[in-house]
Amino acid sequence: MFLENYIRDIQGFPKEGILFKDITPLLIDPKGTQECLKTLVSTLKNLNIDKVIGVESRGFFFGTLIAQELNVGFVPVRKPKKLPYETIFATYDIEYGTDTLEIHIDAIKKGDRILIHDDVLATGGTIKAVCELVERLGGEVMQCNFIMELSFLNGREKIKDKPIFAAITY
Ligand code: PRP
Ligand code: MG
């Protein structure tokens, strides 16, 4: 089955006018999850990734699976005040106002080759902030990968200099 068939369209969520792409049918089906994982990992073979970053919260699902598959460590980037140790943060614009993400200062060593995973690339604000966190700690972003890219929102324009892979493009 094509990966697209595991994504459910929800009209009007979280608010009117939005067509939400629901990944829970993919998560609930081990075959779909395996297929998606295989696709996400297929482009990473020669990148010598040292660590995988997953972005809270929907980036956690496949982030840890990818890290296991590559036999490397997983690092969570989290919303404010969730991480217990010393952190740095990056703030980015959302529709109304700003949002912030944090990472532990010892999560990345200088020169680490990093894969950043999130479920969706939309406007690109989130991924840009995460790239900034990685680079401030001395890591090198080898690829940003996503289950899906909403290409009509032009998110990739915000991270033009980074390699991007999306399993599905809308
Ligand atoms: C959603 C999605 C991505 C981000 C993409 O997360 O999971 O992380 O938005 O949007 P952008 O490209 O426009 O920045 P959200 O902040 O809704 O939180 P969640 O993952 O906890 O549901
Ligand atoms: Mg998210």
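Fair warning: this is a prediction, and the values are worked out from it, not measured in the lab.

For ligand 1, the full set of nearby residues is Glu56, Ser57, Arg58, Lys79, Asp118, Asp119, Val120, Ala122, Thr123, Gly124, Gly125 and Thr126. Gly124 is positioned such that a nitrogen or oxygen atom in its backbone is 2.8 Å from an oxygen atom of ligand 1. Contact with the protein chains removes 75% of the 500 Å² of surface that ligand 1 exposes when unbound. Mapping ligand 1 onto the cavity grids shows that it belongs to the largest pocket. At the level of elements, β7 (113-121) and α4 (125-136) are the ones that each hand at least two residues to the shell around ligand 1. Its residues placed into classes, the shell around ligand 1 shows two nonpolar, five polar and five charged.

Here the largest pocket is characterised by a volume of approximately 1100 Å³. Together, 33 residues line the largest pocket, and Arg58, Ile94, Val120, Ala122 and Thr126 are the ones closest to its centre. Mapped by element, the contributors of at least two residues to the lining of the largest pocket are β2 (19-22), β5 (87-93), β6 (98-104), β7, α4 and β8 (140-149). Per-element accounting of the lining of the largest pocket gives the leading share, four residues, to β7. Split into classes, the residues belonging to the lining of the largest pocket amount to 18 nonpolar, five polar and ten charged.

This part covers the UniProt feature "domain: Phosphoribosyltransferase" (unreviewed entry) in the protein chain. Under the local residue numbering, the UniProt record ascribes the feature "domain: Phosphoribosyltransferase" (unreviewed entry) to residues 38-145. In residues 38-145, the share of helix is 27% and the share of strand is 36%. The end C-alpha atoms are 13 Å apart.

Reading the values: rules and limits
Residues numbered from 1 in each chain as written. Chains lettered and ligands numbered in written order. Predicted model: local features only at pLDDT ≥ 70, side-chain atom pairs only at ≥ 80, totals over all residues. Heavy atoms only, no water. Near = heavy atom within 4 Å. Polar contact = N/O pair within 3.5 Å; in protein donor to acceptor, adjacent residues only side chain to side chain. Areas by Shrake-Rupley, 256 points an atom, 1.4 Å probe, with all protein chains shown as cover. 1 Å grid on protein atoms, 1.4 Å probe; cavity = no way out; pocket = protein on both sides within 12 Å on 5 of 7 lines; lining within 4 Å. Sits in = over half its atoms within 2 Å of the grid points. Helix = DSSP H or I, 4+ residues; strand = E, 2+ residues; numbered from the N terminus. Nonpolar A, V, L, I, M, F, W, Y, C, P; charged D, E, K, R; others polar. Points joined across faces, edges and corners; volume = space filled by probe spheres on them. UniProt positions renumbered as here; feature names shortened; annotations may be inferred.

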